[in-house]
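A closer look at the structure
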Amino acid sequence: MKAKLIQYVYDAECRLFKSVNQHFDRKHLNRFLRLLTHAGGATFTIVIACLLLFLYPSSVAYACAFSLAVSHIPVAIAKKLYPRKRPYIQLKHTKVLENPLKDHSFPSGHTTAIFSLVTPLMIVYPAFAAVLLRLAVMVGISTIYLGLHYPTDVMVGLILGIFSGAVSLNIFLT
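Now for a quick tour of the structure. (Residues numbered from 1 in each chain as written. Predicted model: local features only at pLDDT ≥ 70, side-chain atom pairs only at ≥ 80, totals over all residues. Heavy atoms only, no water.)

Things to note about the nonpolar core
Counting 27 residues, the largest nonpolar core has C64, I114, V118 and L121 as the members making the most contacts within it. Those elements giving two or more residues to this core turn out to be α2 (27-36), α3 (42-55), α4 (59-81), α6 (109-124) and α7 (129-145). When residues in this core are grouped by element, the largest group, seven residues, is from α6. Those residues in contact with I114, other than ones at most four positions away along the chain, are A39, G40, T45, L135, A136 and V139. Listed in part, the six residues of the second largest apolar core include F17, L91, Y150 and V154. (Core = buried A, V, L, I, M, F, W, Y, C linked by side-chain atoms within 4.5 Å. Buried < 20%, exposed > 50% of the residue type's maximum accessible area, 1.4 Å probe, protein only. Helix = DSSP H or I, 4+ residues; strand = E, 2+ residues; numbered from the N terminus. Contact = heavy atoms within 4.5 Å.)

Things to note about the pattern of salt bridges
Between side chains of opposite charge, a pair can form when the charged atoms approach closely. Taken as a whole, this structure holds five salt bridges when the rule is applied. The residue E13 makes a salt bridge to R84 at a minimum N-O spacing of 2.7 Å. Of this pair, E13 sits in helix α1 (residues 2-21) while R84 sits in the loop between α4 and α5 (87-90), and the two are 71 residues apart along the sequence. Classification of E13 as buried rests on a relative accessible area of 7%. Note that K79 and D103 form a salt bridge whose closest N and O atoms lie 3.8 Å from each other. Here K79, found in helix α4, pairs with D103, found in the loop between α5 and α6; they are 24 residues apart in sequence, far enough to count as distant. The class for D103 is partly exposed, based on a relative accessible area of 39%. Residues joined in a network through salt bridges with shared partners are E13, R84 and D153. (Salt bridge = Lys/Arg side-chain N within 4 Å of Asp/Glu carboxyl O.)

Re unusual backbone geometry
The omega torsion across F106 and P107 is -10°, close enough to zero to call that bond cis. Following the sequence through the fold, P107 ends up in the loop between α5 and α6. Unlike most non-glycine residues, H93 shows phi in positive territory, near 70°. By the secondary structure assignment, H93 is in the loop between α5 and α6.

A short note on the side chain of S108
Inspection of the secondary structure assignment puts S108 in the loop between α5 and α6. Apart from residues no more than four positions distant in its own chain, S108 is found in contact with T143, H149, D153, V154 and G157.

Quick look at the packing of aromatic side chains
The tally for this structure, following the rule as stated, stands at six aromatic pairs. Taken together, a centroid distance of 6.2 Å and an interplanar angle of 15° make the contact between Y62 and F172 stacked. One end of the pair, Y62, is in helix α4; the other, F172, is in helix α8 (residues 151-173), with 110 residues separating them in the sequence. Residue classification places Y62 among the partly exposed positions, given a relative accessible area of 42%. Residue F172 is classed as partly exposed on the basis of its relative accessible area, which comes to 31%. Between Y82 and F106 the ring centres are 6.0 Å apart and the planes differ by 85°, which places this aromatic pair in the edge-to-face class. Note that Y82 is positioned in the loop between α4 and α5 and F106 in the loop between α5 and α6, a separation of 24 residues in sequence. A residue is classified by how much of its surface remains accessible, and F106, at 17% relative accessible area, is buried. Members of the aromatic cluster, joined through ring pairs, are Y10, F17 and Y150. (Phe/Tyr/Trp six-rings, centres within 6.5 Å; stacked < 30°, edge-to-face > 60°.)

Things to note about α7
Look at α7: 24 Å from first C-alpha to last across 17 residues, which is about the 24 Å you get at 1.5 Å a residue. Within α7 the residues assigned to the buried category are A129, L132, A136, V139, G140, S142, T143, I144 and Y145. On its buried side, α7 packs onto α1, α2, α6 and α8. G147 occupies a position one or two residues after α7 and carries a positive phi of about 80°. (Expected span 1.5 Å × (residues − 1).)

This is the structure:
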């Protein structure tokens, strides 16, 4: 029974993955999402966290930087404990860029990073939450679109990032 449920969830996830990844050949969407996915990368998120610390040294800036730093501990552990191959390796006909990421797929580090960075900002500055949430969600979707992550990789990254951001903000606001 458990194996059937796991297979059912995996099959549904693969269908969802393929429904997003199938649009890979759309030129303008491809350019946009290739650029957007970098908003969850190490360079962009670290630069933003440093800029917040330098330009606006506050508890929220410290929470963002701390959250970004600690959020990758569970990501690194999960990638070691659950060495899931990336979808472009596992699924036939997956569309992917040249020189794709080679490490394990689970969970999405890009999604974790962007959510860990924007969560304290969304909580403290709810007027910006709609824009920041859309940005973070699109980063996650972009990793599926680019053939690098399954939807559950992104969902777990989202959960890790939000949890890290909320806990970090709580630490620095008290």
